[in-house]
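Tertiary structure, described
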Amino acid sequence: MNVMDWIQMEAKWRRRWDEMRQFESNPDGRKKFFVTVAYPYPNSPQHIGHGRTYTLADVHARFMRMRGYNVLFPMGFHYTGTPILGMARRVQENDKGIIDAFRTIYKVPDKAIREFAEPVKIADYFHREIKSGMIEMGYSIDWRREFTTIDPFYNKFIEWQFRKLREGGLVVQGTHPVGWCPKDQNPVSQHDTLGDVEPSFTEYVVIKFRLGDRILPTATLRPETIFGVTNIWINPAVTYEVVRVDGEEWIVSPQCATKLAFLNKKVERTGKITGLELVGKTVHIPQRHGEIPILPADFVSSDNGTGVVMSVPAHAPFDYQALEDLKKDGISYPGLPPLSEVRPIPIIETAGYGEIPARDVIARLGIENQRSPKLEEATKELYSKEFYGGRLKQNTDRFAGRSVAEAKEEVKKWILDSGDADILYELNENPVRCRCGTECVVKLLDNQWFLDYSNPQWKKNVHSWINEMKILPEEIRNEFDHVVDWLKERACARQHGLGTNLPWDKNWIIESLSDSVIYMAYYTISKFANSGDITASSITDSFFDYIFLEKGDAQTVSSESKIPPEILDLMKKEFQYYYPVNARHSGRDLVPNHLTFFIFNHVAIFPKKYWPEGIVVNGSVLMDGKKMSKSMGNIIPLRDAIRSHGADPIRLAILISAELLQDADFNQEAVHGIRTKLESMMEESSRFKSEKVGSLEQEDRWIVSRLQQLIDRVTNSIQKMRLREALHHLLYEFDSDIQWYLRRSEAKGRHDHAGVLREVLSTRVSMLSPFAPYVSEEMWSRLGNPGLASQSAWPLPDTVKIDHLSIQSEALLRSALDDIRNIVKVTKISPKNITIYTAASWKAKAYQKILSRVLEGDINIGGMIKALIADRETEEIKKDPDFVKKMVNDILSEPEQERKSKASIGPVDETKILCELASLASAEYEVGIQIFSESDKDKYDPKNKARTARPYKPAILIE
RNA sequence: GCGGGAGUUGCCAAGCCUGGUCAAAGGCGCAGGGCUUAGGACCCUGUCUUUUAGGAGUUCGUGGGUUCAAAUCCCACCUCCCGCACCA
């Protein structure tokens with residue numbers, strides 16, 4: 001079957017589903033199940049990786065639908081955010097890079113690209129693209145409820161959400177640092193910078209050393225090392241500026257003066273002073289009340305921090321080395337104190353390092369002077385080791401004995417509170433340039449709005465709800481709790497981007513991770529907006545209060561919102577029917593943010609009965625074992641993949657390669673293998689047309705029994721969302737059962753087994769339907785079933801159909817056959833005669849007695865022998881007491897289930913069962929098979945083998 | 001450091017939750033055979049050691065423990081990978 005046929009086959013069934021509108025869900029008398037997935041951000045086509053979460057959710061939805069639930073699986077599109085804006089701006093500027101990317105990687109037609117100067121056009125284009133892909137993948141989505149986050153009605157909804165949060169005191173205001181272009185007067189994100197640099201920054205603590213009336217500020221990442229400061233470093237070659245900062249007179253590098261201006265400080269340049277002039281003077285250390293000298297060092301850069309550095313030679317490799325260099329150089333500066341007096345002050349104790357850790361690292365790395373590039377590495381190593389493993393020594397005031405990690409924040413707060421410190425932000429990559437060419441800075445934004453995720457009561461409620469939620473896989477629950485603990489205030493609005501304006505301050509736009517946390521509720525009413533029942537402009541908060549919180553009365557709300565009361569009532573009922581969300585599916589990268597916010601916001605806004613019931617988290621998708629990324633060029637757009645493989649093979653390839661939390665590895669071979677497998681299953685389906693099922697023979701009862709076990713296993717696996725496991729059972733493990741069944745019935749020369757097989761295969765196809773919906777429909781119909789596989793009821797295991805006798809019989813046949821094959825292999829003889837001896841009946845009785853004892857937990861062999869000898873039926877045991885031990889071992893080496901199964905059927909007539917061997921073995925060996933019981937008087941037994949026969953382990957003679 | 005995940009027979013990778021049918025699925029590689037003008041593709045057989053009777057021995061990161069029985073449960077240790085934010 002070629003790909004075109006596949007695609008047409010899939011299209012055929014898609015049309016059928018469409019005609020039947022079977023994925024459109026409306027409230028009815030059934031129990032509901034509400035599945036949602038994080039909606040996509042349409043700034044590029046979706047690739048295989050995106051497909052994973054959606055496919056998992058779709059399988060979940062289809063499974064629950066077949067289980068009889070009224071399943072709602074909707075989809076929306078998240079237009080909110082800044083990246084699309086950046087892309088649009090680049091198109092406006094005719095940026096070749098992005099236009100080429102659209103053209104060659106995303107295959108966007110030129111005509112469309114020309115419109116991309118307008119951000120919404122980009123979103124609309126990829127929205128359509130992604131939606132088509134979802135439809136082609138066979139996702140069972142109710143598209144009547146689709147929306148985007150810039151729809152006016154949605155904006156109203158988000159405004160309502162934010163007013164609710166604010167009423168609850170959960171929205172607070174504060175300052176917030178951002179990357180900023182001074183020319184554009186705008187925050188910059190990655191997409192706004194030359195070379196797509198993320199404008200990330202680090203917070204430094206500025207410690208103010210006093211030089212007479214002036215202040216010499218130093219920026220540090222390690223405020224706790226203030227206790228180990230021995231001197232100040234200054235670059236003698238730099239001309240510093242004297243600046244009035246909020247009433248104080250600071251000496252800083254010119255670059256620093258510029259930076260300070262963006263950090264909410266009044267900055268006024270009043271003079272200049274060279275580094276050289278400062279060398280040799282002394283400054284006062286805050287908190288420690290001592291005087292230390294200013295020394296020269298050329299590693300000090302005016303670009304970094306304040307251009308002034310506090311020196312902690314015991315713990316900072318740069319400082320240690322600069323001090324050594326200075327001692328070696330012997331260059332004299334006027335007023336310089338004797339350098340021998342400047343000694344490192346160790347303040348941190350860390351396992352694996354001596355008294356002066358900086359010296360140790362420098363020696364180990366063979367660093368010779370302060371221009372050595374290895375100093376960076378040394379600094380990094382020591383910083384991290386001391387941060388995580390270091391402890392402050394006795395000379396650190398009240399912080400003595402604390403770990404560095406703990407003390408860092410406390411020392412920072414301590415100095416800040418005393419007024420001897422300040423905060424400075426420094427871009428990590430210097431310089432970062434805006435697309436306009438201007439060098440970016442860090443700006444402290446005033447009046448930034450935050451969601452106060454640090455609110456203790458809120459946290460407490462979320463914790464207790466997480467405890468009650470159904471979270472899959474279970475391992476991830478801890479992670480949620482942990483995230484809730486460390487979450488603090490989060491900026492929830494920004495100054496540009498698509499989205500909803502903050503209702504009480506229209507200069508701000510609500511940020512994307514904050515306007516996407518309760519939208520699942522919106523799906524229950526978006527249908528009405530889409531069908532024209534609602535005019536967004538007349539919607540007020542009272543409308544949402546009425547629908548979601550049962551506040552107010554229909555008449556008032558109706559007159560305000562201009563929505564007829566009966567429609568209002570329908571909407572409210574719809575919400576109350578579908579809410580809460582039963583399963584929220586998402587990638588694991590969203591655990592620390594979106595998924596946790598999702599719980600937080602539901603807890604804050606809705607009554608408890610509407611809090612989300614479950615979350616399902618999945619890992620990502622690798623491409624041939626490697627992470628997918630644009631730069632690696634190994635991203636496969638989903639629609640391309642569908643065109644070259646068909647949707648079902650892709651669905652299965654993604655699902656089968658890993659369990660939930662693991663990373664799934666997608667590769668061509670896997671998809672190819674699966675397609676071959678599905679094709680052979682389809683062919684198989686055509687072979688077994690419906691046929692009347694006569695009376696069941698043993699192997700029929702066996703395959704039907706196995707089918708019941710399969711149903712049980714697959715159902716259990718899916719309920720735990722262990723879809724890989726379910727598919728393994730369904731696709732591969734059950735195959736060997738079918739092979740055996742065919743072999744058996746063919747060996748017997750049967751022609752009436754198609755009917756049984758058709759029923760078995762139909763049940764299997766039914767179970768395959770959530771995973772591979774298209775081929776399942778095809779197979780379902782080829783097998784001659786009416787209706788659709790996707791509308792068949794999920795099979796229930798019928799324990800009555802489990803026939804232990806046939807299970808054990810078939811197992812006996814198989815193991816006897818294996819034994820024969822084994823013997824032939826080891827002895828390398830070509831068999832002419834095969835003789836089988838089954839155990840004497842007293843052995844079978846003894847076996848059952850031993851079995852029941854073992855099942856009771858008694859494995860005392862001596863006791864068993866006594867009891868068996870005492871019994872007339874089994875007294876023959878005394879001839880071979882060792883036999884008991886062998887049987888106990890046989891029994892013990894089997895799982896509990898098998899033991900019970902054997903006990904339930906009692907002694908079996910092995911001779912009768914093994915008769916079937918003749919037909920089975922003849923295909924392989926062309927020899928006659930004779931079967932005797934050990935107790936037959938006139939048996940053929942030249943080698944005296946018969947006596948070794950045990951129950952379920954016949955003796956075999958091959959000649 | 002905190003949180004999470006992993007270490008299986010030449011490689012990739014199942015099995016572990018729920019102990020026994022586990023010398024341990026499947027794929028790749030390798031060896032032999034078939035098919036073929038040849039190659040490729042495909043099919044069959046083998047692939048820890050040992051064994052001319054279905055067996056025995058030694059294996060699942062390391063070391064202990066529990067158990068009649070441990071890849072699987074418990075404890076300790078070693079190694080590797082991922083996340084730690086205001087970004088969708």
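**Focus: the environment of A583**
Along the chain, A583 turns up in strand β23 (residues 583–587). In this structure the C-alpha to C-alpha distance between A583 and A670, which are 87 residues apart in sequence, comes to 29 Å. Ignoring anything within four residues of it in the chain, the contact list for A583 reads F33, F34, V35, T36, H60, G614 and V616.

**What about the protein's contact with RNA strand B?**
Not every one of the 47 residues close to RNA strand B is listed here, only the nearest: Y41, R490, K720, R724 and S893. Considering the 4 Å shell around the protein, atoms of RNA strand B inside it are sugar or phosphate in 42% of instances. In the environment of RNA strand B, a sugar or linking oxygen lies 2.6 Å from a nitrogen or oxygen atom belonging to the side chain of H482. The separation between a sugar or linking oxygen of RNA strand B and a polar side-chain atom of R588 is 3.2 Å. Mapped by element, the contributors of at least two residues to the surface near RNA strand B are α15 (477–486), β19 (490–491), α25 (723–747), α28 (804–827) and β30 (955–958). If one sorts the elements of the surface near RNA strand B by residue count, α28 sits on top with 5 residues. When its residues are assigned to classes, the surface near RNA strand B shows 18 nonpolar, 12 polar and 17 charged.

**Some thoughts on the sheet that holds strand β21 (residues 501–502)**
Spatial strand order, β20-β22-β21: 3 strands in an open sheet with antiparallel pairing. Strands with a single pairing partner mark the edges of an open sheet, and in this sheet they are β20 (493–494) and β21. The pairing of β21 with strand β22 (residues 505–510) spans 2 bridges and is classified as antiparallel. Paired with N501 across the bridge in β22 is I509.

**Overview of the sheet that holds strand β24 (residues 614–618)**
What links the strands of a sheet is backbone hydrogen bonding, and the strands pair in either a parallel or an antiparallel sense. Read from one edge to the other, the open sheet built from 5 strands follows the order β2-β1-β23-β24-β18, with strand pairing classed as parallel. The sheet is open, and its two edges are formed by β2 (70–72) and β18 (470–472), each paired on a single side. Along the sheet, successive strands turn relative to each other by an average axial angle of 15°, direction set aside. Here 3 bridges tie β18 to β24, and the two strands are oriented parallel to one another. Looking at the pairing, L472 lines up with V616 of β24.

**Observations concerning the confidence of the model for chain A**
Per-residue pLDDT for chain A averages 86, and the proportion of residues at 70 or more is 97%. Element-level mean pLDDT values for chain A span from 67 in strand β26 (residues 626–627) up to 97 in β2. This complex was scored by the predictor with a pTM of 0.85 and an ipTM of 0.84.

**Quick word on unusual backbone geometry**
For the bond from L472 to P473, the omega torsion is -10°, close enough to zero to count as cis. Summarising the element assignment, P473 is placed in the loop between β18 and α15. The peptide bond linking Y579 to P580 adopts the cis configuration, its omega dihedral lying at 5°. Looking at the element boundaries, P580 is found in the loop between α19 (565–578) and β23. Positive phi values are uncommon outside glycine, yet D397 reaches one of about 60°. Position of D397 relative to the elements: it lies in the loop between β15 (391–392) and α13 (404–418). For D397, a relative accessible area of 47% puts it in the partly exposed group.

**So, the layout of surface pockets**
By volume, the second largest pocket is sized at about 1100 Å³. Every residue lining the second largest pocket is counted, 31 residues in all, and those nearest its centre are Y204, L221, N304, F318 and T379. Mapped onto the lining of the second largest pocket, the elements with two or more residues apiece are β5 (201–211), β6 (214–220), β13 (308–311), α10 (317–329), α12 (374–389) and β16 (421–427). If you tally residues by element for the lining of the second largest pocket, the top one is α12, at 5 residues.

**Quick notes on the pairing of strand β8 (residues 239–245)**
Extensive coverage of β8 is indicated by the burial of 5 of its 7 residues. Two elements, β8 and strand β9 (residues 248–252), share 5 bridges in a ladder whose sense is antiparallel. Bridged to V242 within β9 is I251.

**Observations regarding the environment of S685**
Mapped onto the elements, S685 comes out in helix α23 (residues 668–687). Residue S685 is classed as buried on the basis of its relative accessible area of 3%. Among all residues touching S685, those that are not within four sequence positions of it are M779, R782 and L783.

About the cut-offs
- Residues numbered from 1 in each chain as written.
- Chains lettered and ligands numbered in written order.
- Predicted model: local features only at pLDDT ≥ 70, side-chain atom pairs only at ≥ 80, totals over all residues.
- Heavy atoms only, no water.
- Helix = DSSP H or I, 4+ residues; strand = E, 2+ residues; numbered from the N terminus.
- Contact = heavy atoms within 4.5 Å.
- Near = heavy atom within 4 Å.
- Polar contact = N/O pair within 3.5 Å; in protein donor to acceptor, adjacent residues only side chain to side chain.
- Nonpolar A, V, L, I, M, F, W, Y, C, P; charged D, E, K, R; others polar.
- Pairing = 2+ DSSP bridges.
- Axes fitted to C-alpha atoms, helices over the stretch in contact; angles between N-to-C directions.
- pLDDT = per-residue confidence, 0-100.
- Buried < 20%, exposed > 50% of the residue type's maximum accessible area, 1.4 Å probe, protein only.
- 1 Å grid on protein atoms, 1.4 Å probe; cavity = no way out; pocket = protein on both sides within 12 Å on 5 of 7 lines; lining within 4 Å.
- Points joined across faces, edges and corners; volume = space filled by probe spheres on them.

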